[in-house]
Each structure stands twice: as C-alpha cells, then as structure tokens.
Amino acid sequence: LGGHPRSVFADTDLIVISPGVPLDIPSIAEAGTAGKKIIGELELVYQLKKPKIVGITGTNGKSTTTTLIGRIFSNAGRRTFVGGNLGFPLAEGIEQENQYELWIVEISSFQLETIEEFRPYIAALLNLTPDHLDRYSSYEEYKQAKLRIFANQTPQDYAVLNADQQITSEISPRLRAEKIFYSASRELSVGVMVEDGQIVSRLDVHVRWICRVEELRLKGKHNLENALAATAVASLCGIAPEVIRNALREFPGLEHRLETVATIRDVNFVNDSKATTVESAARALESLTAPIILIAGGKDKGMDYRLLLEPLKRQAKALILIGQAREKMRRSLGGFSPIWEADSLENAVELGFKSAGPGDTILLSPACSSYDMFRDYEHRGRVFKETILKLLN
C-alpha cells in the first residue's frame, strides 16, 4: 500500500500487528517508545472475549497436538474452536464465541511477544530447542518469549509440562499454575505416562488406562509425547478414557508431517516438509527405519546443523542438499558422506530415486524454512508429492 508512513503510527492509539512483524522495525519501535499500545491478534481476541483457552506451544509438535486435542473434544461432543497459529485465525471465532466452551489454540513465540492480559486456562509447553535465531538474538531470548504463555496464569489454571525436557525442572518451581507432568520414558506418581507399554492417566486417586502405545497411528517417540500431552489436557477436562483411546487409535497425523506418500519399486517416499528445525529433522530420521536418503536444506534460520551428524551416521546412506543453506550445511556435516547437491527439489527427488535401492526411504525433512524457494512449507511438500506422482506415472 505504499510503505509505512510514520505519521500513521504516530496518530494511532492502538496498533495490532501480525505475528510476522518484529517489534524492532523502526515504525513499530518508535511507536512503542512513544507509548502507543502494541498488541497482536491473540491479545486482541482475549481482551474482547476472555475465552477459556487451552494454549499449546513448543518448538515441535504444536500443530499435531493441537489438532489431536481438537479431535478428542469433537469426538466427545464438546463445542470447541481449534485454530490460532494453524487453521482458523482466532478473530474468526469471535462472532461465534458463545458456541464454544473451550478454545484450543496453537501459539507461536511471535504471538506471545505482544501479550498483556492473555491467560490460558491450560498452557502446554511441549518442548524447547533453538529456533527462529534469524529473528531472536539468542536462544535465551527465544525461550523467554515462549515462556510468556505462563505469565498471567494463577493457581486456578494448569501448566502441562513434558517431564523429559530439561527446561521443565528449570521453570516449574516458578510457575503459579497447578503443574501436570507427562513422560514417555519414566513413571510418575501423578501425571500421564507409559506403564508396561500402555498410556496411563493418573491425575487423582483414579488410574485411567488409555491405550497401548502400539495402537497409536502416529509413530515415533515425538508423536508419543504429543499423544501424552493431548491425553493430559483431555483428562484435565473430564474427557472419558474410551473417547481419548478411540481418537488416539484413529488420528492419522497431519499432511507434511512424516506423511507416507508412495512406494515405487520398493523405495518409500516420506514427506516431512514441516520439519523446519534441526531437532525436528533429527526426530524424523530416528522415527524411520534405515537406510534413508535425506533431502534437506532451504532458508537458514541460524541453526546448528552439526546436531544432525550423529542421526545421519546412524540412519542415512546419503544426504542431498538444496536451497540457500546448502553450503553452510555441507560445511557443518562434513563428517558424513556422501553429500550431494541439487539445484531444485525436483532434481533432488530424481537423484535420490536413481541412487536408492529396494527397502530404502527417501525422506524430505529440510531442517530449514522454505521461503528461499517456496511460498511456505505446504507448497514445498506439495511440490515433493507432485514430483513423486510424476515418477509413479
């Protein structure tokens, strides 16, 4: 619309910014210094309606967990809004607010930067690893943005925390909300956990057996953690174990998240385009059976790609790099071989297929954002699948 005239911001009482707008760009920073009120949509909706919110944040797994919780509540016949950082914007739920007894909201660190009064009834922090270091000056700054989800909670609220994450022991003593822990690796006296291969919810004197881990359609340890977090939220809200069980058994996962695309000549193709961090790409490698040909790369977000080295050595037979970050990734992963480069995703798929043998998996798990070559991670995933369809034909 012709730029951002400073007079527009100077003469404004309230500025509501998109999460993608950093607070330190000149026009916004000057407005803040001048005492203008600057909030985001999350805070705007909360101030207008004070909805009862389940907020889910973390570096990885937010969309899967949010959608799974929504599915559980829907199956239970509960009236819920599901959206936020995925799907429907919160503002779309305002006019229908009276229809919803609970809002299930995926929340990003960007959204949390501009909260003031926002207070979720249940706040879930799934995990925390370095991300968005192209926006934040340090991991510590990113972490503090994420932790704002708990800032306004009271003892009448709940904080759902992953007991297997190091940050949990660091922050839990400081939280005012009642803490509910979950763990995929150890038993808890109170919380949601795995006992003898079965998901168990023990939040009060009653022990509720949910389902066996092997019954989950979602595969991988990270998805087990997502299922445990969803079980904790649903149990807190009084959802019956059989409803949770059926949802966990039936939920297939989301598109572009470890999505099996096709098998051609006994070569498997898996689309994990949503993996925009090193941690999520490492989890994808660990979730699949070797040998894997990994396609990675894209727009660099300041990640330390060396963390991929050991998972690559254990699981992969080759690495194909694409995008702006490929030179940095090649230098960081020099201890692994072979590493090839491709000038497009389509060429990477073709190169991987020519190099693959029966039983191999070609995995797109980029560990980078998509904006150097694609509109978003969904566009990247669709191009991957379209290329596979051409091979199939």
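Data block above holds the structure.
Residues numbered from 1 in each chain as written. Predicted model: local features only at pLDDT ≥ 70, side-chain atom pairs only at ≥ 80, totals over all residues. Heavy atoms only, no water.

**Q** Explain helix 8 (residues 221-236) here, please?
**A** Each α-helix winds once per 3.6 residues, and so residues spaced three or four apart point in a common direction. The terminal C-alpha atoms of helix 8 lie 23 Å apart, and with 16 residues this matches the ideal 22 Å at 1.5 Å per residue to within 8%. The buried count for helix 8 comes to 15 of 16 residues, which makes it a mostly enclosed element. Gly238 sits one or two residues past helix 8 and shows a positive phi near 80°. (Helix = DSSP H or I, 4+ residues; strand = E, 2+ residues; numbered from the N terminus. Expected span 1.5 Å × (residues − 1). Buried < 20%, exposed > 50% of the residue type's maximum accessible area, 1.4 Å probe, protein only.)

**Q** Help me understand the environment of Glu113, please; the structure alone is not making it clear to me.
**A** One can find Glu113 in the loop between helix 5 (109-112) and strand 6 (122-125). With relative accessibility at 18%, the residue Glu113 sits in the buried group. C-alpha of Glu113 to C-alpha of Tyr142: the two residues are 29 residues apart in sequence and 9.7 Å apart in space. Ignoring sequence-local partners within four residues, the contact set of Glu113 consists of Leu23, Arg135, Tyr136, Ala145 and Arg148. In terms of polar contacts, Glu113 uses its side chain to reach the side chain of Tyr136, at 2.6 Å. (Contact = heavy atoms within 4.5 Å. Polar contact = N/O pair within 3.5 Å; in protein donor to acceptor, adjacent residues only side chain to side chain.)

**Q** Teacher, can you tell me more about the environment of Pro366 here?
**A** The residue Pro366 is located in the loop between strand 17 (361-364) and helix 14 (377-392) in this model. Taking the C-alpha atoms as reference, Pro366 lies 17 Å from Ile388; in sequence the two are 22 residues apart. Residues contacting Pro366, with those up to four places away along its chain left out, are Asp272, Ser273, Ala275, Ile295, Ala296, Gly297, Met329 and Arg380.

**Q** In this structure, what is going on with the nonpolar core? I would like to understand it.
**A** Note on soluble globular proteins: their nonpolar side chains tend to be buried together. Grouped together as the largest cluster of nonpolar side chains are 40 residues, with contacts concentrated most on Ile72, Phe73, Ile122, Val160, Ile199, Leu228 and Leu248. No other element matches the nine residues that helix 8 contributes to this core. Apart from residues lying up to four places away in sequence, Leu228 is in contact with Tyr182, Ser183, Ala184, Val192, Met193, Val194 and Ile199. Within the second largest apolar cluster, 29 residues are counted, among which are Val45, Ile53, Val105 and Leu112. (Core = buried A, V, L, I, M, F, W, Y, C linked by side-chain atoms within 4.5 Å.)

**Q** What is the right way to look at the sheet that holds strand 15 (residues 316-321) in this model?
**A** Spatially, six strands are ordered 12-13-17-14-15-16 in an open sheet, and the strand pairing comes out mixed. Since the sheet does not close on itself, it has two edges, and those belong to strand 12 (259-264) and strand 16 (339-341), each with one partner. If you compare each strand with its neighbour and ignore which way they point, the axes differ by 20° on average. When strand 13 (residues 267-271) meets strand 17, the two strands line up parallel, connected through four bridges. Following the sheet pairing, Asn268 is matched in strand 17 by Thr361. Helix-sheet contacts for helix 13 (residues 345-355) involve strand 12, strand 13, strand 14 (292-296), strand 15, strand 16 and strand 17, and the interaxial angle to strand 14 is about 170°. (Pairing = 2+ DSSP bridges. Axes fitted to C-alpha atoms, helices over the stretch in contact; angles between N-to-C directions.)

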